[in-house]
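The primary structure of each chain is shown beneath.
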Amino acid sequence: MSQTMNLKEETLRRIDEVIPRYPQKRSAALPLLHLVQEDQGYISPEAMEWIAAKLDLEPINIWELVTFYPMLRDKPVGKKVVRVCRTLSCALQGSYKTCSALREALNCENGDTSPDGEVTVEFAECLASCHTGPVVMVNDDLYEHVDEKRAREIAGELDSGKGSGAAG
Amino acid sequence: MAANERRIILKNIDQPGYGNDIDTYLKHGGYEMLKKALGSRPEDLREEVKKSGVRGRGGAGFPAGMKWSFLDFKSGKPIYLVCNADESEPGTFKDRQIIHKDPHQLLEGMLISAYAIKAELAFIYIRGEFPEGARIVERAIEEARQKNFLGKGILGTAFSCEIRVHRGAGAYICGEETGLIESIEGKRPYPRIKPPYFPAALGLYMCPTIVNNVETLCNVKHIVEMGGEEYAKIGRHGNTGTRIWCVSGHVRKPGYYEFEGGAITLGELIYDVCGGLQPGRSLKAVIPGGSSMKILRADERFKGKDRDGNAYDLGLEDLILDFDGIAVSGSLSGSGGVMVLDDTTDMVEALANVSSFYAHESCGQCTPCREGSLWLKKILERMSRGQARLEDVDLLKSVADQIPGRTICAFGEAAAWPVQSYVAKFREEFIAKAEEQAAGRKPQETGERVALV
Ligand SMILES: Cc1cc2nc3c(=O)[nH]c(=O)nc-3n(C[C@H](O)[C@H](O)[C@H](O)COP(=O)(O)O)c2cc1C
Ligand code: SF4
Ligand code: FES
């Protein structure tokens, strides 16, 4: 395990900044996991050990978080992660069709990630914007009223690198 | 803004030119109530909140002043304030509006509340799917710090307070207040058993802690402005102040609307405020407080006697829109998320959708919840995919009935109530599904396939 895990300097700086913000070190586990995942795309076993050591914890204490929280990933995923809300209000507005259209247009039909590893399409639970459904998140950005037509447009933008996810 | 809306919390939100920066907020009288509060004694502020009668807006509707009065001030341990910004109950999207569009209102409400309960460290637990919201709040905190509304010796007083933003990572159970506390502690968000772990005595780091919803904490600012007694005149007895209702599903104008307690009926909300249903459709059902709450059928009647002994006989559309008005129906107004279903909705599939959520989100600590929620989902998905059996409706009821009251947290109820209410109120639809499918399946059975189960 390398000293810095090949993390960007900015990430390392933010990690050192966030730990003392809490009365107890262990509280920084989730923020550190977010930072590492933002930097590396997922949390590798080495990263879990590294975070544990950083917080004076056992690796299992970090591993059990990664396996519990849906947003944390222990395997690499697409550079762009497309999350389609499948919960009732969005479903009533057609989010299952939206998801199929996105999977088809982004070549993610067999498994969640496209063969070139660029895009992952997956379902998410209620994203708290039920009045503008179907809603989709592409990395950090929210798209509203995404019907099948809009889904194909978004897919086109992502393919040509114009979409919000391009930077991520 | 819809007619007869009374916007207090949403007053400035969506107004032209109202940005989420501190200058805009200050131009609109921002942080004046913090100044006013800092000139009062904490115990007097707590008394005002008690007098206001304000009930928690996160789901349970517990009076905030009373919750605060349970705080253990004698333990000698630090006291913490936590803002619940997890907003994960399906159908709920009000806190997002406040966080994105008026974050300083939340900070001001929190700083006043922290002062009132003597907390010098406060947390905003914000769901992981609000990355933009988290950045907005972080920036607002830095802006407030620049002006000394936050940090050491606030506005020259002896009161210091820090606010930290803690991001969740996609787990609904983090909205349950003790699960939330575990999550801040860096553990799996397993809810704690109550008693003994009432947060007011044994909360974050086993210190006295108050957890309140975003909207509840915003209300505190307005209670300081008006005084508890004046605030209590808004709305009706036991339902003081305003409430933000989130309407989604099959209405023409879904959105968030703020009304005084008891100002309108559920029917007025659906038809007058939200423009009713699409042409040619009729109302089938309403979920009045987020998907965990019992569903109401459009043609149900609610009969009983009110507290003065007068008999009532109400239809769904007559239900008064506030905590007590909705409770008359046997359901609850929960998080204020009203989901409207029209006659095109297949109730078996709707329930399969809802139950899939709870199966995904159970934290897994309690066997009835972990196993039961998964069974419910599997039965309902099978029914939706053409394998419904006549006995399934009773099987669903039997599994659901074994969950509530046997679990550590109220998630057990949240998983069971939808199933219990859908199968009781739409039983004929579950049966019809099985009959249809049985009829359609017969030819298959004479083919080569041999049933093994
Ligand atoms: C399963 C479950 C999920 C919950 N999710 C939320 C939530 O997302 N946001 C929220 O404010 N309260 C939620 N609550 C309610 C909280 O436990 C708690 O009652 C609330 O934050 C208290 O704030 P209030 O008194 O201001 O309403 C949830 C409760 C349960 C049982
Ligand atoms: S009721 Fe369900 S969610 Fe709540 S503690 Fe038990 S298993 Fe976890
Ligand atoms: S149901 Fe999709 S955002 Fe709430």
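Relevant structure appears above.
Residues numbered from 1 in each chain as written. Chains lettered and ligands numbered in written order. Predicted model: local features only at pLDDT ≥ 70, side-chain atom pairs only at ≥ 80, totals over all residues. Heavy atoms only, no water.

A. View of the overall build of chain A. Assigned secondary structure in chain A consists of seven helices and four strands. Along chain A, helices (α) and strands (β) appear in the sequence α-α-α-α-β-α-α-β-β-β-α when read from the amino end. By its C-alpha atoms, chain A is 50 × 30 × 25 Å across when sized along the principal axes. Expressed as a percentage of its 168 residues, the buried residues of chain A come to 52%. Partitioning the contacts of chain A with sequence separation of at least 6, the portion at a separation of at least 24 is 60%. Between the mean site of the 19 positive side-chain charges and the mean site of the 27 negative ones, chain A shows a separation of 3 Å. (Helix = DSSP H or I, 4+ residues; strand = E, 2+ residues; numbered from the N terminus. Buried < 20%, exposed > 50% of the residue type's maximum accessible area, 1.4 Å probe, protein only. Contact = heavy atoms within 4.5 Å. Lys, Arg positive; Asp, Glu negative; His and termini not counted. Charge placed at Lys NZ, Arg CZ, Asp CG, Glu CD.)

B. The arrangement of the sheet that holds strand 3 (residues 162-167) of chain B in detail. Pairing is parallel in the open sheet, where four strands are placed in the order 3-2-1-4 (chain B). The open sheet has two edge strands, strand 3 and strand 4 (209-213) of chain B, and neither has a second partner. Taking each pair of neighbouring strands and ignoring which way they run, the sheet shows an average axis angle of 20 degrees. Bridging between strand 1 (residues 80-85) of chain B and strand 4 of chain B involves five bridges; their strand directions are parallel. Looking at the pairing, L81(B) lines up with I210(B) of strand 4 of chain B. Packing of helix 2 (residues 29-40) of chain A onto the sheet brings it into contact with strand 2 (121-126) and strand 3 of chain B, and relative to strand 3 of chain B it is tilted by some 55 degrees. (Pairing = 2+ DSSP bridges. Axes fitted to C-alpha atoms, helices over the stretch in contact; angles between N-to-C directions.)

C. Structural context of the site of ligand 1. Residue and element names in this part refer to chain B. Around ligand 1 lies a shell of 18 residues, among which G58, N84, N212, N213 and T216 are the nearest. Take E177: an N or O atom from its main chain is 3.0 Å from an oxygen atom of ligand 1. At 2.9 Å, a side-chain N or O of N212 approaches an oxygen atom of ligand 1. Starting from 610 Å² of accessible surface for ligand 1 in isolation, the protein chains cover 89%. If you tally residues by element for the shell around ligand 1, the top one is strand 4, at three residues. (Near = heavy atom within 4 Å. Polar contact = N/O pair within 3.5 Å; in protein donor to acceptor, adjacent residues only side chain to side chain. Areas by Shrake-Rupley, 256 points an atom, 1.4 Å probe, with all protein chains shown as cover.)

D. Representation of the pattern of salt bridges. Applying the stated criterion across every chain yields a total of 58 salt bridges over all chains. Put simply, R86(A) and E125(A) hold a salt bridge, and the shortest N to O gap is 3.0 Å. Of the two residues, R86(A) sits in the loop between strand 1 (80-85) and helix 5 (88-92) while E125(A) sits in the loop between strand 2 (119-124) and strand 3 (136-138), which places them 39 residues apart along the sequence. Take R86(A) and E125(A): they sit in the same class, and that class is buried. Measuring nitrogen to oxygen at the nearest pair gives 2.6 Å for the salt bridge that ties D401(B) to K397(B). With a gap of four residues between them, D401(B) and K397(B) both fall in helix 15 (residues 392-401), about one helical turn apart. Its relative accessible area of 31% is what places D401(B) among the partly exposed residues. According to the relative accessible area criterion, K397(B) is partly exposed, its value standing at 40%. (Salt bridge = Lys/Arg side-chain N within 4 Å of Asp/Glu carboxyl O.)

E. Spotlight on the interface of chain A and chain B. At the junction of the two partners, chain A supplies 37 residues and chain B supplies 59 residues. Between chain A and chain B, roughly 3700 Å² of surface is buried when both sides are summed, and carbon and sulfur atoms account for 59% of that area. Of all residues in chain A, the largest losses of buried area upon contact with chain B belong to F68(A), L88(A) and H131(A), amounting jointly to 18% of the total for that side. Where chain A meets chain B, there are three salt bridges. Among the ionic pairs, E138(B) bridges to R21(A), the shortest N-O distance being 4.0 Å. Listed by contribution, the elements that provide at least two residues to the side of chain A that touches chain B are helix 2, helix 4 (59-68) and helix 5 of chain A. (Buried area = accessible area lost by both parts, 1.4 Å probe.)

F. Just the site of ligand 2, in detail. Around ligand 2 sit 13 residues in total, of which C363(B), C366(B), C369(B), T407(B) and C409(B) are the nearest. Here the shell around ligand 2 is built from residues that sort into eight nonpolar, five polar and no charged. (Nonpolar A, V, L, I, M, F, W, Y, C, P; charged D, E, K, R; others polar.)

G. View of the packing of helix 15 of chain B against helix 16 (residues 411-425) of chain B. All names here are of chain B. Viewed as axis vectors pointing N to C, helix 15 and helix 16 meet at an angle of 145 degrees, and their least axial separation amounts to 9 Å. Crossing angle aside, the handedness with which helix 15 passes helix 16 is left-handed. Taking contact as the criterion, the partners of V393, L396, K397, A400 and D401 in helix 15 are, on helix 16, A416, V419, Q420 and V423. (Left-handed = near helix turned anticlockwise from the far one by under 90°.)

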